[in-house]
Amino acid sequence: REIDSAFSFLNPGLREHLKKAYFIKKEDLFCKNSSAEAHLEGIICLTDSSKETIFHESAHIRENALDMVGSDFSKKWNQIANFEYGNENMVGSFLFNDSTLLKTVWKDDLTECPKNGMLNPYSSKSIGEDVAIFVESLEYVNKKELAKNPDFPEFYPLFFANTTDHRYQKKLDLLKEYEFLTKEEHEKLSKNLGSLNYLLKSDENKK
């Protein structure tokens, strides 16, 4: 299949339900403040070819497909998350005179760092976004040296998660169980989970 060759960096689980990918103009997206969309028919619409975006949207496709066949994946995820998802958890900042979303922060403390068992504030919107943002970690997990600048932990959140919150690891385990991650990918993400969190703690100690 064309998808298999074009997106060969995706594991078989993420490719399984992905039928078509279209590259379109940003103004043609249904949601104007996004850069890509996933549709129930196994179609993703992209405005760029970044691997992070493709990992993210492919995760949406797999989760949607599992929900449609009555899988208990989302139920199990919700139990692990133990969190009330919704837009009210975050605050977004937008480009002036535009609907382009620049960034989101946690509503309660206006930070962007991992918290509540989630990798960033946008994860708190829904189970789907929480799942997809974990999966997109596959794009940057090999960039640990770049991530060692703790001024921008929001760019590489997997490394800065607080692993005393066991929800992070449990979510990775569930992603492996339902084939969002291969055994090797699961091991790599698990090994790197929170591995630079000490940089944040040492920064706090300096204050």
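Scroll up for the structure.
Residues numbered from 1 in each chain as written. Predicted model: local features only at pLDDT ≥ 70, side-chain atom pairs only at ≥ 80, totals over all residues. Heavy atoms only, no water.

Quick word on the overall build of the chain
Counting secondary structure elements, the chain contains 10 helices and five strands. Residues counted as buried form 48% of the 207 residues belonging to the chain. Of the contacts formed within the chain by residues at least 6 apart in sequence, a portion of 53% connects residues at least 24 apart. Surface accessibility of the chain: about 11100 Å² in total, with carbon and sulfur atoms responsible for 52%. (Helix = DSSP H or I, 4+ residues; strand = E, 2+ residues; numbered from the N terminus. Buried < 20%, exposed > 50% of the residue type's maximum accessible area, 1.4 Å probe, protein only. Contact = heavy atoms within 4.5 Å. Areas by Shrake-Rupley, 256 points an atom, 1.4 Å probe, with all protein chains shown as cover.)

Notes on helix H9 (residues 183-192)
Glu 185, His 186, Leu 189, Ser 190 and Asn 192 are the residues of H9 that are buried. Elements in contact with the buried residues of H9: helix H5 (127-135), helix H6 (137-140), helix H7 (144-147) and helix H8 (167-177).

Digging into the packing of H5 against H8
At a minimum axis separation of 11 Å, H5 and H8 run at an interaxial angle of 85 degrees. Classified by the angle their axes make, H5 and H8 are roughly perpendicular. On the side of H5, the interface is formed by Asp 130, Val 131, Phe 134 and Val 135, while H8 contributes Tyr 168, Lys 171, Leu 172 and Leu 175. Of the residues that constitute the contact of H5 with H8, the class distribution is six nonpolar, no polar and two charged. (Axes fitted to C-alpha atoms, helices over the stretch in contact; angles between N-to-C directions. Parallel < 35°, antiparallel > 145°, perpendicular 65-115°, else oblique. Nonpolar A, V, L, I, M, F, W, Y, C, P; charged D, E, K, R; others polar.)

What about the nonpolar core?
In terms of nonpolar packing, the biggest core is built from 47 residues, with Phe 73, Trp 77, Val 131, Val 135, Leu 175 and Phe 180 touching the most fellow members. Residue assignment for this core shows that the elements contributing at least two residues are strand E3 (43-46), helix H3 (51-68), helix H4 (73-81), H5, H6, H8 and helix H10 (197-206). By residue number, the principal contributor to this core is H5, which donates six residues. Those residues in contact with Val 135, other than ones at most four positions away along the chain, are Leu 14, Phe 55, Ala 59, Leu 175 and Phe 180. (Core = buried A, V, L, I, M, F, W, Y, C linked by side-chain atoms within 4.5 Å.)

Re unusual backbone geometry
In this structure, Asn 116 is a non-glycine residue whose phi angle is positive, near 60 degrees. Tracing the backbone shows Asn 116 in the loop between strand E5 (101-106) and H5. The phi torsion at Glu 179 lies on the positive side, around 65 degrees, for a residue other than glycine. Residue position: Glu 179 is located in the loop between H8 and H9. A relative accessible area of 46% places Glu 179 in the partly exposed class.

Here we look at the packing of aromatic side chains
Note on aromatic pairs: each is described by the distance of the centres and the angle between the planes. Counting across every chain of the model gives 11 aromatic pairs. Relative to Phe 9, the ring of Phe 7 has its centre 6.1 Å away and its plane inclined at 65 degrees; by these criteria the two rings are edge-to-face. In textbook terms, an aromatic cluster arises when at least three aromatic residues are bridged by ring pairs, as seen for Phe 73, Trp 77, Phe 134, Tyr 168, Tyr 178 and Phe 180. Lying over the aromatic face of Phe 9, Lys 51 brings its terminal NZ or CZ to 4.9 Å of the ring centre. Directly above the aromatic system of Phe 180 lies the positively charged group of Arg 62, at a separation of 5.7 Å from the ring centroid. (Phe/Tyr/Trp six-rings, centres within 6.5 Å; stacked < 30°, edge-to-face > 60°. Lys NZ or Arg CZ within 6 Å of the ring centre and 35° of its normal.)

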